Amino acid sequence: MASNMEDEEESSNGEPPRKKLRLTKEQSRLLEESFRQNHTLNPKQKESLAMQLKLRPRQVEVWFQNRRARSKLKQTEMECEYLKRWFGSLTEQNRRLQREVEELRAIKVGPPTVISPHSCEPLPASTLSMCPRCERVTSTADKPPSAAATLSAKVPPTQSRQPSAAC
DNA sequence: ATTAATGGATAACTTACGTCA
DNA sequence: ATTGACGTAAGTTATCCATTA
């Protein structure tokens, strides 16, 4: 360590070396107690607290400044932890929902042949094409509600299961 | 057991900005 | 509208002390 080499002397720039005060237990206790009551001090409170603690008012002032800063830092750290946990739970929820979507998509695609909504005849899947707008292969409006229907109920009306003009 | 290096806590300082008379 | 005094927040520096290799 490079400290204490010029105790009681002046450093090269003519300034006396900065000395750090160590507060006693009792001083800390009183300051903390006072901080609990009020996070800021008016000049009168500062003066009387300084007298009580046998410190300079400036030292009391600095202590309160630093104490407010520590308090805020702690609060910020706690909020950060909370947000991290929240993010984690949202990520997990998102994973579950993605899995569910995959399962529902698998059910919806079903077997390789489908029934034509027009002729009620089975059609080979290879003759069908995907509508780029609604991403549906064919109309299933005449089928009973399924899990897939439940999902699509959440889709905006323009993407309803009724065949659009483009389909 | 001793010692130098290191990191955390915090007192003290500096700067920028807002408020008010 | 301008100005100077004052208080505070934010950022930085310096010091002390405990831990560790």
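Residues numbered from 1 in each chain as written. Chains lettered and ligands numbered in written order. Predicted model: local features only at pLDDT ≥ 70, side-chain atom pairs only at ≥ 80, totals over all residues. Heavy atoms only, no water.

## Section: the side chain of Q27
In this structure, Q27 sits in helix α1 (residues 25–37). Within the structure, the side chain of Q27 is placed 2.9 Å from the backbone oxygen of L53, a separation counted as a polar contact. Other than its neighbours up to four places away in sequence, Q27 contacts R22, L53 and L55. (Helix = DSSP H or I, 4+ residues; strand = E, 2+ residues; numbered from the N terminus. Polar contact = N/O pair within 3.5 Å; in protein donor to acceptor, adjacent residues only side chain to side chain. Contact = heavy atoms within 4.5 Å.)

## With respect to the protein's contact with DNA strand B
As a structural note, the neighbourhood of DNA strand B is formed by eleven residues, with K20, L21, Q59, V62 and N66 the closest of them. For DNA strand B, the backbone makes up 56% of the atoms found within 4 Å of the protein, where backbone means sugar plus phosphate. At 2.3 Å from a base oxygen of DNA strand B is found a side-chain nitrogen or oxygen belonging to K20. In the environment of DNA strand B, a phosphate oxygen lies 3.1 Å from a nitrogen or oxygen atom belonging to the side chain of Q59. Considered class by class, the residues forming the surface near DNA strand B number five nonpolar, two polar and four charged. (Near = heavy atom within 4 Å. Nonpolar A, V, L, I, M, F, W, Y, C, P; charged D, E, K, R; others polar.)

## Structural notes on the packing of aromatic side chains
Applying the stated criterion across every chain yields a total of three aromatic pairs. With centroids separated by 6.2 Å and ring planes inclined at 85°, the aromatic side chains of F35 and W63 adopt a geometry described as edge-to-face. In this pair, F35 sits in helix α1 while W63 sits in helix α3 (residues 57–109), placing the two residues 28 residues apart along the sequence. With respect to class, F35 is no different from W63; both count as buried. (Phe/Tyr/Trp six-rings, centres within 6.5 Å; stacked < 30°, edge-to-face > 60°. Buried < 20%, exposed > 50% of the residue type's maximum accessible area, 1.4 Å probe, protein only.)

## Focus: α3
Taking 1.5 Å as the rise per residue, α3 with 53 residues should run 78 Å; its terminal C-alpha atoms sit 77 Å apart, in good agreement. The set of residues buried in α3 consists of V60, W63, F64, R67 and L104. (Expected span 1.5 Å × (residues − 1).)

## With respect to helix α2 (residues 43–53)
Think of an α-helix as turning once every 3.6 residues; residues three or four places apart then point the same way. Taken as a whole, α2 has its buried residues at K46, L49, A50 and L53. With its buried residues spanning 100° around the axis, α2 presents them on a single face. The exposed residues of α2 that point more than 90 degrees off its buried face are K44 and M51. Residues of α2 that are buried in the fold lie against α1 and α3. Just downstream of α2 lies K54, where phi reads positive at about 60°. (Arc of directions from axis to C-beta.)

## Some words on the pattern of salt bridges
Side chains that carry opposite charge are capable of pairing whenever their charged atoms lie near each other. Applying the stated criterion to the full structure yields eight salt bridges. In this structure, R67 and E32 form a salt bridge, with 2.9 Å as the shortest nitrogen-oxygen distance. Of the two residues, R67 sits in helix α3 while E32 sits in helix α1, which places them 35 residues apart along the sequence. By relative accessible area, which is 18% here, R67 ends up buried. Classification of E32 as partly exposed rests on a relative accessible area of 27%. Between R58 and E61 there is a salt bridge; the shortest N-O distance is 3.0 Å. Taken together, the positions of R58 and E61, both in helix α3 and three residues apart, correspond to about one turn of that helix. Using a relative accessible area of 48% as the deciding quantity, one classes R58 as partly exposed. (Salt bridge = Lys/Arg side-chain N within 4 Å of Asp/Glu carboxyl O.)

## With respect to the packing of α1 against α3
For the pair α1 and α3, the least separation of the axes is 11 Å and the interaxial angle reads 65°. For α1 against α3, the interelement crossing comes out right-handed. Facing L31, E32, S34 and F35 of α1, the residues of α3 in contact are V60, W63, F64, R67, R68 and S71. Among the residues making up the contact of α1 with α3, the classes are represented as five nonpolar, two polar and three charged. (Axes fitted to C-alpha atoms, helices over the stretch in contact; angles between N-to-C directions. Left-handed = near helix turned anticlockwise from the far one by under 90°.)

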